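# Observations on the three-dimensional arrangement
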Amino acid sequence: MTTYIERFPAEARVIRSTFFTAFIALGIGALFGLLQVLHRTDVHRLVDSADYYHILTIHGVLLALTFTIFFLAGVFTWGLTTSLDRGVVDVRFTWAWYGLMVGGTALAAIPMFGGLIDGIDMSAGVLFTFYAPLQAHPLFYLGLALFIIGTWLAGADWIWTYLAWRRENPDERIPLPTFMVLTTTLFWYLSSLGVAIAVVVFLLPWSLGLLEQVNPLLTRTLFWYFGHPVVYFWLMPTYMLWYVLLPKVAGGKLFSDPLARVVFVLFLLLSTPTGIHHQYLDPGIAEGFKFIAMTNTMFLLLPSLLTAFTVVASVEHGARQRGGTGYLGWLGALPWRDPVFTGMALAGLMFAAAGFSGMVNAGMNINYLVHNTFWIVGHFHLTVGTAVALTFMAVTYWLLPQITGKPIWSRSVGLAQVVTWFVGMTLMSNAMHRGGLSGVPRRTAEPQYENFDFTPAFGTMAELDAGVVIGGSLLFLSAVLFLGNVFVSLTGGKDLTSIPENAYAEALSGAEDGPLILDNLKLWLVIAVLLVVLTYALPIGAIIDRGGLLGPGGSPYPLVVESGRAISIGLGEVVA
Ligand code: HAS
Ligand code: CU
C-alpha cells in the first residue's frame, strides 16, 4: 500500500500548492457570490450598485478561472504521474509554471481589487470575459498573459514527462489518464492561442495607450474562440475523475477504456471550432458561419452523451459488484455515505440537466430567447459551478489525504457539504433558468421591476428572488463547510495507515481492445487544426476586412448578396 505522498513527495508538494491557491480563490469568490445574490435580490446591499461589476468580475475570475485552473493543474499532475508511475522530469520546472501562474494571478488581482478601493486609480471591472469595448488597467492584461504562459508551461511539463516515459516504454499504450491529459493539453494550446493574441496584440497595447482603438468584434471573436474550449479545459479533468476515480469509489471498473479515448479525441477535434455559438446575436458575423458553429456544437454533444453512458454503466457495474440488483434497485447499493462518491454522483446528475440547458443555448433560434438573460447564469452554475466545482470539492476528500498524508477531519461534514451544494444549486439555478425565460437579464445590479408592468412567465419575482437568495446562501454555507473541513484536516497529524492506496479504476475493456490509431495524437491534432481553419478563416477574414484590423473600418454589419448586389443589411444601404 502506498499513498501518493510516499511515492512522489516532491510532486505532492506542488499539487498541494496548486490546491491551496485554488481554495483561497474559492473562499473569496464564494463570499463575493453571496454579496451578489443579496444585492441582486435587494435583500441586503453591502456595496454600491456602481461597485457591483467589480464584485462580479472578482467572483467570475476567481471562481471560473483561478479556482478551476489551479485545481485542474494539480489533478492533471496527479493523474499523469500516477498513471505513468513516474515523477515529472524536473520538479523545478513544475514550480516554475506554478510560480508564473501565481504571479500572473497576483498582478491581475491588483486592479481587480483596486477598483473597489477609493483613492486607487486603477480598475478592472471588465467581467470574466474581458473583451473590448470594456477596458481594464494594463496590469490586468499583463497578469492574464503571464497566467496563460504558466498554463502553457504546465502543458509542456506534462508532455515532457510523457516523452521521457515513452523513451523508457517504447511499446506500451499511453495510460488512459495520461491520454486524457495530453489530448486536453493539445486543444488548450490550440484554443488559448486566440485569447493570447487578443490580450497581447490588441488589449494590452490598447490599455497602455499604444493603440488608439481596437476592433471590438475581432477581440470578442478571438475571446470566444478560446471562451468555449476553456469550458472543456475545466470539464476534461472532471471527466477524467468520473472515468478513473468514480467507478473505483463505487466499487467497480471503468466500462470501456477505448470508448473513453474516443471521447477525448472528439473533444480535441471539436472543442475549438464551436466558439461562435456564443455570438449568435453578434451583428457582423454572417448567419452561415453561425450555422456551421451550431452544427459543430451539436456534434460536440456526442462525446458527453457517450460519457453519460460509460460513466453510468461503470457505476452500475460497481453497484452490482456490491450486491445491487434490479433495473434501478442497484442504485441503493452505492456508497451514498461516502462524500467522494456522493459529491461526484450528484455533480454528474446535475450535469445531465446542464447538458439540456446547453442544448437549448446551442440552438440558434432558441438562443435568441435566452441570450444575455439569467438563464445563461443558471446554465453555467450547473456546468462549471456544479459538475466541475462539486466534483473538485468531492475529490478533495480523496486527494487531500493522498498529497498530505493527513486523513479528512470529518467525512460526515463532507457529506453534508456536498448535499448542501446540490440543494443550494437546485434552488438557485432553477430560479435563474425560470427568471431568464421570463426575460430577467444577467449581469445587472438592478433587476427590480416595481415601475414596470412585469410578471414573470414562471412564478412571481418574489419567488424567483427567494430561490436565488436561499440557494446562494446555501452555496456559501457549503463552501464554508468545505474550506473549514480542509483547514481542520490540515491541522491534524499524519496517519498514512488510514489512507487508501493511490490507484484508479481498472477497465472492463482495456486499451488493448481499442485500435492503435486512437493514440496517434499527431494525426488528431492536424485534423483539429484543419477544422479550426475551415471554421474560422472566413469569419475572421470578413471581420478584419469590414471592421479593419484595428477597427472601426467599414460597415460592422454582415453583407448579403442579393441579385448580384451586396447589401449591408444593418444600414439597409446598397454598397455595391
Ligand atoms: Fe455552456 C454559455 C452551450 C457545456 C459553461 N456555457 C456558457 C457560459 C459558460 C458555460 C460559463 O451554445 C457563459 C459564458 C458567458 O459568460 O457568456 N454548453 C453548451 C453546450 C454544452 C455546454 C452545448 N458550458 C458547458 C460546460 C461548461 C459550460 C461543460 C463549463 C464547464 N453554453 C452553450 C452555449 C452558450 C453557453 C451556446 C452561449 C449562450 C449565450 O447565448 O450566451 C455541452 O457540452 C453540454 C453537453 C452535456 C451533456 C450531458 C451529459 C451528462 C453526463 C452526466 C453523467 C452522469 C453521471 C452521474 C456521472 C450532453 C456526462 C452518475 C451517477 C449515478 C448515480 C448513476
Ligand atoms: Cu460554449
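Structure: above.
Described in the following lines is the structure provided in the data block. Keep in mind it's a predicted model, so treat the numbers as computed, not measured.

Take the coordination of the iron atom of ligand 1 next. Coordination of the iron atom of ligand 1 by the protein involves just one donor, His-379 (NE2), at a distance of 2.2 Å. A distance of 4.4 Å spans the gap from the iron atom of ligand 1 to the copper ion (ligand 2). With respect to the helices and strands, the residue His-379 is situated in helix H14 (residues 374-404).

This part covers the site of ligand 1. Around ligand 1, the structure places 37 residues, and the nearest of them are Tyr-232, Asn-367, His-371, His-379 and Arg-442. At 2.5 Å, a side-chain N or O of His-371 approaches an oxygen atom of ligand 1. Contacts to ligand 1 include Arg-442, whose side-chain N or O atom sits 2.7 Å from an oxygen atom. Among the secondary structure elements, those contributing two or more residues to the shell around ligand 1 are helix H8 (229-244), helix H11 (287-321), helix H12 (339-362) and H14. With 10 residues, H12 is the largest single contributor of residues to the shell around ligand 1. By residue class, the composition of the shell around ligand 1 is 23 nonpolar, 12 polar and 2 charged.

What follows is about the layout of surface pockets. Within this model, the second largest pocket holds a volume of roughly 370 Å³. Along the walls of the second largest pocket sit 16 residues, with Tyr-162, Ile-174, Asp-519, Leu-521 and Lys-522 positioned nearest its centre. Of all the elements in the fold, those that place two or more residues in the lining of the second largest pocket are helix H5 (138-168), helix H6 (176-207) and helix H17 (521-547). With 4 residues, the top contributor of residues to the lining of the second largest pocket is H5. Of the residues belonging to the lining of the second largest pocket, the class tally is 9 nonpolar, 1 polar and 6 charged.

It is worth spelling out the coordination of the copper ion (ligand 2) at this point. The protein atoms donating to the copper ion (ligand 2) are His-228 (ND1), His-277 (NE2) and His-278 (NE2), with metal-donor distances spanning 1.9 to 2.1 Å. Site description for the copper ion (ligand 2): donor spacing in sequence, H-x48-H-H.

What follows covers the nonpolar core. Grouped together as the largest cluster of nonpolar side chains are 169 residues, with contacts concentrated most on Phe-130, Phe-140, Trp-234, Tyr-243 and Met-344. Those residues in contact with Trp-234 that sit more than four places away from it in its chain are Ala-64, Leu-65, Thr-68, Ile-69, Leu-72, Phe-128, Val-384, Val-388 and Phe-392.

Where H5 meets H6, the axes come as close as 9 Å, and the angle between the chain directions of the two elements is 155 degrees. In terms of axis orientation, H5 runs roughly antiparallel to H6. Every pair of crossing elements has a handedness; the one defined by H5 and H6 is left-handed. Among the residues forming the contact of H5 with H6, the class breakdown is 23 nonpolar, 6 polar and no charged.

Between H8 and H14, whose axes approach to 10 Å, the crossing angle comes to 50 degrees. The orientation of H8 relative to H14 falls into the category oblique. Regarding H8 and H14, the two cross each other, and that crossing is left-handed. Each of Trp-234, Leu-235, Pro-237, Thr-238, Leu-241 and Trp-242 in H8 lies in contact with H14, whose residues at this interface are Val-384, Ala-387, Val-388, Thr-391, Phe-392 and Val-395.

Here we come to empty space enclosed by the protein. According to the stated counting rule, one finds 5 cavities of 30 Å³ or more in the structure shown. Taken together, 34 residues make up the lining of the largest cavity; nearest its centre are Gln-36, His-59, Leu-63, Phe-380 and His-381. Broken down by secondary-structure element, the contributors of at least two residues to the lining of the largest cavity are helix H2 (9-40), helix H3 (52-84), H14, helix H15 (411-437) and helix H16 (461-491). Per-element tally for the lining of the largest cavity: the top contributor is H3, with 8 residues. Of the residues belonging to the lining of the largest cavity, the class tally is 23 nonpolar, 8 polar and 3 charged. In this model, the second largest cavity occupies a volume close to 130 Å³. Surrounding the second largest cavity, 13 residues form its lining, Val-61, Thr-66, Thr-105, Ala-108 and Leu-144 being those nearest its centre. Within the residue set of the lining of the second largest cavity, elements represented by two or more residues are H3, helix H4 (91-114) and H5. Among the elements that line the lining of the second largest cavity, the one with the most residues is H4, at 5 residues. Split into classes, the residues belonging to the lining of the second largest cavity amount to 9 nonpolar, 4 polar and no charged.

Throughout the structure, instances matching the rule amount to 13 salt bridges. Here Lys-253 and Glu-506 are joined by a salt bridge, their closest N and O atoms 3.8 Å apart. In this pair, Lys-253 sits in the loop between helix H9 (246-249) and strand E1 (254-256) while Glu-506 sits in the loop between H16 and strand E2 (507-509), placing the two residues 253 residues apart along the sequence. Given a relative accessible area of 31%, Lys-253 falls into the partly exposed group. Between Asp-338 and Arg-411 there is a salt bridge, and its shortest N-O distance comes to 2.8 Å. A residue pair is termed long-range when its members are at least 10 positions apart, and Asp-338 in the loop between H11 and H12 and Arg-411 in helix H15 qualify at 73 residues. Residue classification places Asp-338 among the buried positions, given a relative accessible area of 16%. On the basis of relative accessibility, which here comes to 39%, the residue Arg-411 falls in the partly exposed class.

What counts as what
Residues numbered from 1 in each chain as written. Chains lettered and ligands numbered in written order. Predicted model: local features only at pLDDT ≥ 70, side-chain atom pairs only at ≥ 80, totals over all residues. Heavy atoms only, no water. Donors = N, O, S within 2.8 Å, 3.2 Å for Na, K, Ca; no water. Helix = DSSP H or I, 4+ residues; strand = E, 2+ residues; numbered from the N terminus. Near = heavy atom within 4 Å. Polar contact = N/O pair within 3.5 Å; in protein donor to acceptor, adjacent residues only side chain to side chain. Nonpolar A, V, L, I, M, F, W, Y, C, P; charged D, E, K, R; others polar. 1 Å grid on protein atoms, 1.4 Å probe; cavity = no way out; pocket = protein on both sides within 12 Å on 5 of 7 lines; lining within 4 Å. Points joined across faces, edges and corners; volume = space filled by probe spheres on them. Core = buried A, V, L, I, M, F, W, Y, C linked by side-chain atoms within 4.5 Å. Buried < 20%, exposed > 50% of the residue type's maximum accessible area, 1.4 Å probe, protein only. Contact = heavy atoms within 4.5 Å. Axes fitted to C-alpha atoms, helices over the stretch in contact; angles between N-to-C directions. Parallel < 35°, antiparallel > 145°, perpendicular 65-115°, else oblique. Left-handed = near helix turned anticlockwise from the far one by under 90°. Salt bridge = Lys/Arg side-chain N within 4 Å of Asp/Glu carboxyl O.

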